[in-house]
Amino acid sequence: MSENKLTAELISFINEWKNKQGNLIMVLHKVQEHFGYIPREIAFEVADLLDVPVAKIYGVVTFYHLFKLTKPGRNQISVCMGTACYLKGGEDIILDLERQLGVGLNAVTPDGEFSMEAVRCIGCCGLAPVMTVNGEVFGSVKTAQLKTILAKFRGK
């Protein structure tokens, strides 16, 4: 049996937005805020409550890269691959993180501790290369710093 169920708060939020324009995006943001991703069974419940086809929900979720269909790691790493970060070593950071974590992009470590994704731009081009862990920004990152950065979040 799944542990994912819509809470009374989420159901109330969905009912509040049910007849408003742009409701699906708002509801999906709220669901992802709660679960960290859009669980399959929740997508079906949202479809029922909003009276929209599940295909429409998956269309939105797969169109916008910020929505996730799989549960992320407890610590979410984002490595910027915007032009400045790419030119200043963003790819080297990804390769080294993949080596240290033992997983590739868009994957979760077997212990569920970390997940990593490449993002287009974090908006800190002056600090390139940049990565974030759970929203905390690390600028001018060198591969030699990665072990220390990971240790800061591991097990917390």
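Heads up: the structure comes first, above all this text.
Thresholds, definitions, all that
Residues numbered from 1 in each chain as written. Predicted model: local features only at pLDDT ≥ 70, side-chain atom pairs only at ≥ 80, totals over all residues. Heavy atoms only, no water. Pairing = 2+ DSSP bridges. Helix = DSSP H or I, 4+ residues; strand = E, 2+ residues; numbered from the N terminus. Salt bridge = Lys/Arg side-chain N within 4 Å of Asp/Glu carboxyl O. Polar contact = N/O pair within 3.5 Å; in protein donor to acceptor, adjacent residues only side chain to side chain. Buried < 20%, exposed > 50% of the residue type's maximum accessible area, 1.4 Å probe, protein only. Axes fitted to C-alpha atoms, helices over the stretch in contact; angles between N-to-C directions. Parallel < 35°, antiparallel > 145°, perpendicular 65-115°, else oblique. Contact = heavy atoms within 4.5 Å. Nonpolar A, V, L, I, M, F, W, Y, C, P; charged D, E, K, R; others polar.

Peer 1: Would you take a moment to explain the pairing of strand S3 (residues 114-119) for this structure?
Peer 2: As a general feature of sheets, a regular strand has side chains that alternate between the two faces. Note: strand S1 (residues 75-80) against S3, six bridges, orientation parallel. Bridged to Cys 80 within S3 is Val 119. When strand S2 (residues 107-108) meets S3, the two strands line up antiparallel, connected through two bridges. For Val 108, the partnering residue across the bridge sits in S3 and is Ser 115.

Peer 1: I keep staring at the environment of Lys 152 and nothing clicks. Help me out?
Peer 2: Topologically, Lys 152 is positioned in helix H7 (residues 146-153). Along the primary structure Lys 152 and Val 133 are separated by 19 residues, whereas in three dimensions their C-alpha atoms are 9.8 Å apart.

Peer 1: For this particular structure, what's the right way to read the pattern of salt bridges?
Peer 2: Opposite charge on two side chains lets them pair, provided their charged atoms get close. Per the counting criterion, the structure on display carries five salt bridges. Glu 33 serves as the salt-bridge partner of Lys 30, at 3.9 Å between the closest nitrogen and oxygen. One end of the pair, Lys 30, and the other, Glu 33, are both in helix H2 (residues 23-35), three residues apart, so they sit about a helical turn from each other.

Peer 1: So what exactly am I meant to see when it comes to the side chain of Thr 109 here?
Peer 2: Within the fold, Thr 109 resides in the loop between S2 and S3. In this structure the side chain of Thr 109 is engaged in a polar contact, spanning 2.6 Å, whose partner is the side chain of Asp 111. A distance of 3.1 Å separates a polar atom in the side chain of Thr 109 from the backbone nitrogen of Glu 113.

Peer 1: Can you walk me through the pairing of S1 in this structure?
Peer 2: The buried fraction of S1 is high, at five of six residues. Strand direction decides the pairing type here: S1 and strand S4 (residues 131-133), joined by three bridges, are antiparallel. Bridging across to S4, Val 79 finds its partner in Met 131.

Peer 1: Explanation requested: the packing of helix H1 (residues 8-17) against H2 in the structure shown.
Peer 2: The description of two helices packed together rests on the angle between their axes and the distance between the axes. Between H1 and H2, the least distance of the axes is 10 Å, while the angle of their chain directions is 170°. The orientation of H1 relative to H2 falls into the category roughly antiparallel. Within the contact between the two elements, H1 uses Glu 9, Leu 10, Phe 13, Ile 14 and Trp 17 and H2 uses Asn 23, Met 26, Val 27, Lys 30, Val 31, His 34 and Phe 35. When its residues are assigned to classes, the contact of H1 with H2 shows eight nonpolar, two polar and two charged.

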